[in-house]
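Chain residues, written in single-letter form:
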Amino acid sequence: MKSLGEHVRELIALEGPITVERYMDLCLRHYYATRDPLGVEGDFTTSPEISQMFGELIGLWMLEVWNAMGRPDPVHLVELGPGRGTLMADLLRATKLLPDFASAAQVHLVETSPALRQKQQDTLASTGLPVHWHERLDDVPEGPMLLVANEFFDALPLRQFIATERGWCERLVGIENENLIFGLRAEAAQALGQPLKIGDVLEWPAMSVDIMQHLARRIARDTGAVLIIDYGYWGPAFGDTLQALKAHAYVDPLELPGEADLTTHVDFHHLAKTASAHDLQVHGPGTQGDFLTALGIEARASSLKKRATPAQSAEIDTALTRLTERGEIGMGKLFKVLAVTHKSLEAVPGLPPLSSS
Ligand code: SAH
């Protein structure tokens, strides 16, 4: 069978250079469809895989928000890109505290990868709850919704534009001597405004914005809340954030098409601005460290440690530090949390009101 790299080269030979967005889309579809990329054996690790505390606290967040929404029954409990299903399993265990929620919640997972759907099915089998899988968010039925997306938006393709003397030009992927290389599309993209400085890179996350718009329209109409956690920044900012990870190490994004994880940093300002246009409440962004601390991660760690062996206690402490660490490269600082809710929900646990900066 042809490798994805061969397929991409053939496509470019036939049709000419492709956009970064198309390249990412081809690579990511292949990558997620053909493996479980998570954990020590895989390419990267995520917060729910580090500790059960992450999903449990998000479960408590959901309970409080559901209460504040007036306890709609049924309520769609939705996750975008659920990976191994670990977050949802931990979340559901925590929400058993409120049996009314457990009976009102209908679980919907939006997942494109057959390999990960299988994993999610295995992980969630023990909950005994019916789980509905969807290829696309549009297929989730109408109605009040509570949605979580952890490390989902960073896995979506985006376009990149580079400031040149001719104005903004789109970054493309082409071939030179059988190797994939980056190039530029000759026509300048005028609509993006004046570039400040030659060499600036502007990222345009069209797919993320489409998804955010869809979520915003739904919540404005049906009520609900969306919780987004991801590696990201408060834009606008100029920079190339495209990265490739293989076996926990950075590689060239063009080196292993479809075999390495491709990610970009999420511009939370762009997402918040998209939601704000729909007369909704935007909360945050806050840092993951502040969010988990406000939700009581330290108390949760202490209570888990009461029933733990010394080795397990040490693991709980390590996980607590990893999830909340606010140093320059700590997940507690680099990961941001943003919530978007119906306008009637003026406050949500763990997040400040919309940052106006
Ligand atoms: N949320 C999980 C996994 C993050 S990895 C965790 O925190 O551990 C990204 C997830 O998004 C994977 O499950 C991947 O298959 C899924 N995914 C990527 N692109 C998608 C798309 N366009 N639609 C739905 N799911 C997608």
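Here the structure is shown first, and the text comes after it.
Residues numbered from 1 in each chain as written. Predicted model: local features only at pLDDT ≥ 70, side-chain atom pairs only at ≥ 80, totals over all residues. Heavy atoms only, no water.

### Details of the layout of surface pockets
Just so we agree on the cut-off: A cavity, in this analysis, means grid points on a 1 Å lattice covering only the protein atoms where a 1.4 Å probe fits yet has no way out; a pocket is instead an open set bounded by protein on both sides within 12 Å along at least five of seven lines, and a residue lines either one if it has an atom within 4 Å of a point. Grid points are joined across faces, edges and corners, and a volume is the space filled by probe spheres set on the points. Where helices and strands are cited, they refer to DSSP runs of H or I of at least four residues and of E of at least two residues respectively, numbered from the N terminus. All amino acids are sorted into three groups, where Ala, Val, Leu, Ile, Met, Phe, Trp, Tyr, Cys and Pro are nonpolar, Asp, Glu, Lys and Arg are charged, and the leftover types, Gly among them, are polar.
Of the pockets and cavities examined, the largest pocket occupies roughly 940 Å³. Around the largest pocket, the lining is made up of 38 residues, and of these Val110, Thr112, Phe152, Leu156 and Met207 lie nearest the centre. The element contributing the most residues to the lining of the largest pocket is helix H2 (residues 20–33), with five residues. Of the residues belonging to the lining of the largest pocket, the class tally is 18 nonpolar, nine polar and 11 charged. Approximately 600 Å³ is the volume found for the second largest pocket.

### Section: the environment of Arg117
Note the cut-off: We call two residues in contact whenever any of their non-hydrogen atoms come within 4.5 Å of each other. We call two N or O atoms a polar contact when they sit within 3.5 Å, provided that within protein one can donate a hydrogen and the other can accept it, with sequence-adjacent residues counted only if both atoms are side-chain atoms.
Tracing the backbone through its elements, the reader meets Arg117 in helix H7 (residues 114–124). Between the C-alpha atoms of Arg117 and Trp133, which are 16 residues apart in sequence, the distance is 7.9 Å. Setting aside chain neighbours within four positions, we find Arg117 in contact with Glu111, Trp133, His134 and Glu135. In terms of polar contacts, Arg117 uses its side chain to reach the backbone carbonyl oxygen of Glu111, at 2.9 Å. Within polar-contact distance, the side chain of Arg117 engages the backbone oxygen of His134 at 3.4 Å.

### So, the packing of aromatic side chains
Each aromatic ring pair is specified by the distance between its two centres and by the angle formed by the two planes. To keep it simple, the criterion reads: Pairing of aromatic rings covers Phe, Tyr and Trp, the last counted by its six-membered ring, and requires centre-to-centre distances within 6.5 Å; plane angles under 30 degrees mean stacked, over 60 mean edge-to-face, and any other angle means tilted. Categorising residues by exposure relies on relative accessible area from a 1.4 Å probe, with only protein chains included: less than 20% of the type maximum marks a residue as buried, more than 50% marks it as exposed, and the intermediate range marks it as partly exposed. To sit over a ring, a charge needs its Lys NZ or Arg CZ within 6 Å of the ring centre and within 35 degrees of the ring normal.
Tallying each qualifying case throughout the model produces five aromatic pairs. For the ring pair Trp66 and Phe101, a centre distance of 5.2 Å and an interplane angle of 80 degrees mean the geometry is edge-to-face. Pair noted here: Trp66 is in helix H4 (residues 52–68) and Phe101 is in helix H6 (residues 99–104), with a separation of 35 residues, a long-range link. Classification of Trp66 as buried rests on a relative accessible area of 2%. Given the relative accessible area of 1%, Phe101 is considered buried. Seen from their ring centres, Tyr231 and Phe335 are 5.6 Å apart, and the 85 degrees between their planes marks the pair as edge-to-face. Pair noted here: Tyr231 is in strand S10 (residues 224–233) and Phe335 is in strand S16 (residues 335–341), with a separation of 104 residues, a long-range link. Geometry around Phe182 places Arg171 over its ring, the cationic atom sitting 3.6 Å from the centre.

### So, the site of the ligand
The cut-off we apply is this: For each residue, the test is whether any non-hydrogen atom lies within 4 Å of the molecule or strand; if one does, the residue is near. Residue burial considers only the protein chains on display, and all accessible areas are found by Shrake-Rupley using a 1.4 Å probe. Think of it this way: if more than half of a molecule's atoms are within 2 Å of a pocket's grid points, that molecule is in the pocket or cavity.
Taken together, 18 residues are adjacent to the ligand, and Thr46, Gly81, Gly83, Glu111 and Asn150 come closest. One nitrogen or oxygen atom from the main chain of Gly81 is found 2.7 Å from a nitrogen atom belonging to the ligand. In the environment of the ligand, a nitrogen atom lies 2.7 Å from a nitrogen or oxygen atom belonging to the backbone of Asn150. Relative to its unbound accessible area of 570 Å², the ligand is 92% covered by the protein chains. Its atoms largely coinciding with the cavity grid, the ligand occupies the largest pocket.

Note that all results are geometric; they support no functional claim without further evidence.
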